[in-house]
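Breakdown of the fold
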Amino acid sequence: MPTADRAAGRRGIDALLRRSPLQPVFRARAARRLAVLAYHGIDDPGAFRAQMERLARTARPVGLEEVARAAEHRRPLPARSVLVTFDDGDRTVFTEALPVLVRLGIPAAAYVITDLIDGDQPYWWTEAAHLLGRGGGRAEALHGLDPSAAVRRLKTLADGQRQLALAELRATAKHQAPRQRQLGRGELHTLAHAGVAIGNHTASHPCLDRCTDTDLDDQLVRAHDRLTHWMGRPPTSFAYPNGNYDPRADRVLRTLGYRTGFLFDHRHAELAPAHRLRISRLRVNSHTGRDRFDTILSGLHPAVHRLRGGH
C-alpha cells in the first residue's frame, strides 16, 4: 500500500477511535493517572505548539521534581497531571520546543546522549540507515535487510555485534552519513535555567539489555559523571534507550542516587508511581494528529495498541 494511503488509513482509524463511546470512559480513568509524554525531535513545530496549548488548557503540567516527590513519598499528584519529556537531546528541543514551553509555563525533562554533546555526530541509527541505503554500505549481520529493518535488527544484537556491524557499514559505504549539529553545553544550561531538567540517556545510546556488565556500568557512570561536571550537580533522572529496561541498570542507578527512571512502554503511570525507576511513558510525536493525541492522552490508543500485539 502506498505511504499516503497508509497515512490516510491511520487518520481514519484515529478519527473513529476519538468518536468511540469508549473514549469518555477512558478519559475519565486517565484523569486519575499520570501521563508522561515521550517525545524525540520536533519536526512539526506548529503541531507541537497546538499540543502544548491543549495541555495548558485541559491538563495539569507537572515538573520532574513533583513526580519524584510523589514517587518517593507515595503522595499522588493532582488529577490530570502530565509530564513532558524528550529523549536523545535533539537540538530542536532547544530551537523549537523551548520557546513554546516557556511561553506556556510548561516544565519538561530532556534526556541527553552525552557522547554527542558539543559535536556533529549523527545518531547511530540515523547513520546506519543512511549508510545501508544511500551510502551503499554492507554488513554481514544486515544482509538482505532494508534500512528500517536493519535498524530494528541492530537493536536486537549484542552490543559488540552492533558496533561491529556499524564499523562494517562505515568501511564499505561509498557515501558517509551527513553530519548533524547536536546540543552544546551552553544550550543544556539554557534549557535547565528555563525549566527543562537535564537527564541521563547513557553515553552513546546502546540498548542496555544487550550490553555486558562492564559496558552497562560504563554507559551509565560515564554519562552521569559528564553531566555532573557540566551542570554543576548530579543528574537524578534517567530514561532507558529504546525503553529497554534492565535490572542491572536499576541497581547502578540506585547506587548513583537516581530518583526517577522512565520506560517507553506506551502506558499511563500512577499518580504516585510505585516503582520510581520504572515509570511508564506514552509515545507521541510532534506530528501526531489531534485525534490520535486525544486518544493517547485518554489511554484508548495505548489499550488498542496492546490488543493488537504492540509493546
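Our structure's up above, just so we're on the same page.
Structure report, in brief.

Cut-off values and rules
Residues numbered from 1 in each chain as written. Predicted model: local features only at pLDDT ≥ 70, side-chain atom pairs only at ≥ 80, totals over all residues. Heavy atoms only, no water. Helix = DSSP H or I, 4+ residues; strand = E, 2+ residues; numbered from the N terminus. Rg over C-alpha atoms; globule rule 2.2 N^0.38 Å. Buried < 20%, exposed > 50% of the residue type's maximum accessible area, 1.4 Å probe, protein only. Contact = heavy atoms within 4.5 Å. Lys, Arg positive; Asp, Glu negative; His and termini not counted. Charge placed at Lys NZ, Arg CZ, Asp CG, Glu CD. Salt bridge = Lys/Arg side-chain N within 4 Å of Asp/Glu carboxyl O. Expected span 1.5 Å × (residues − 1). Arc of directions from axis to C-beta. Phe/Tyr/Trp six-rings, centres within 6.5 Å; stacked < 30°, edge-to-face > 60°. Lys NZ or Arg CZ within 6 Å of the ring centre and 35° of its normal. Core = buried A, V, L, I, M, F, W, Y, C linked by side-chain atoms within 4.5 Å.

1. Focus on the overall build of the protein chain
Within the protein chain one finds 13 helices and nine strands. Here the C-alpha atoms of the protein chain give a radius of gyration of 20 Å, agreeing with the 19 Å that 2.2 N^0.38 yields for 311 residues. By principal-axis analysis of the C-alpha atoms, the protein chain measures approximately 55 × 50 × 35 Å. In the protein chain, which comprises 311 residues, the share counted as buried stands at 50%. In the protein chain, of all internal contacts separated by at least 6 residues, the share reaching a separation of at least 24 is 72%. Computing the positive centroid from 47 side-chain charges and the negative centroid from 33, the protein chain places the two 7 Å apart.

2. Some thoughts on the pattern of salt bridges
On inspection of all chains with the given rule, the structure shows 22 salt bridges. Across the pair glutamate 65 and arginine 259 runs a salt bridge, and its minimum N-O distance is 2.7 Å. Separated by 194 residues along the polypeptide, glutamate 65 in helix 4 (residues 64–73) and arginine 259 in the loop between helix 11 (247–256) and strand 7 (260–262) bring together distant segments of the chain. We classify glutamate 65 as partly exposed; its relative accessible area is 38%. Between glutamate 187 and arginine 91 there is a salt bridge whose closest N-O contact spans 2.7 Å. Remark: arginine 91 occurs in the loop between strand 3 (81–88) and helix 5 (92–104) and glutamate 187 occurs in helix 9 (residues 185–193); sequence separation between them is 96 residues.

3. Points about helix 8 (residues 159–172)
Here helix 8 contains 14 residues, and its C-alpha end-to-end distance of 20 Å stays within 8% of the 20 Å for a straight helix at 1.5 Å per residue. The complete set of buried residues in helix 8 reads Asp159, Arg162, Ala165, Leu166 and Leu169. Buried residues along helix 8 cover an arc of 120 degrees about the axis, so they all sit on one side. Facing away from the buried side of helix 8 by more than 90 degrees, the exposed set consists of Leu164 and Ala171. Elements in contact with the buried residues of helix 8: helix 6 (124–132) and helix 7 (147–154).

4. Quick notes on the packing of aromatic side chains
A full pass over the atoms with the stated rule returns eight aromatic pairs. With 5.3 Å between their ring centres and 85 degrees between their planes, tyrosine 39 and phenylalanine 48 make a pair best called edge-to-face. On the accessibility criterion, tyrosine 39 (0% relative accessible area) is buried. Considering the side-chain rings of tyrosine 123 and tryptophan 125, the 4.9 Å spacing of their centres and the 5 degrees angle between planes classify their relative orientation as stacked. For the pair tyrosine 123 and tryptophan 125, a shared accessibility class is recorded, and that class is buried. Of the aromatic side chains, those joined through ring pairs into one cluster are Tyr39, Phe48 and Phe86. Over the aromatic face of tryptophan 124 sits the side chain of arginine 162, whose NZ or CZ is 4.5 Å from the ring centroid.

5. A few points about the nonpolar core
Counting 34 residues, the largest nonpolar core has Leu37, Tyr39, Phe48, Met52, Leu55, Phe86 and Leu101 as the members making the most contacts within it. The dominant element in this core, judged by the number of residues it contributes, is helix 5, at five residues. Not counting residues up to four positions away in its chain, the partners in contact with phenylalanine 48 are Tyr39, Ile42, Phe86, Ala97, Val100, Leu101 and Ser286. Judged by nonpolar contacts, the second largest core, of 18 residues, contains Leu131, Leu132, Val151 and Leu166.

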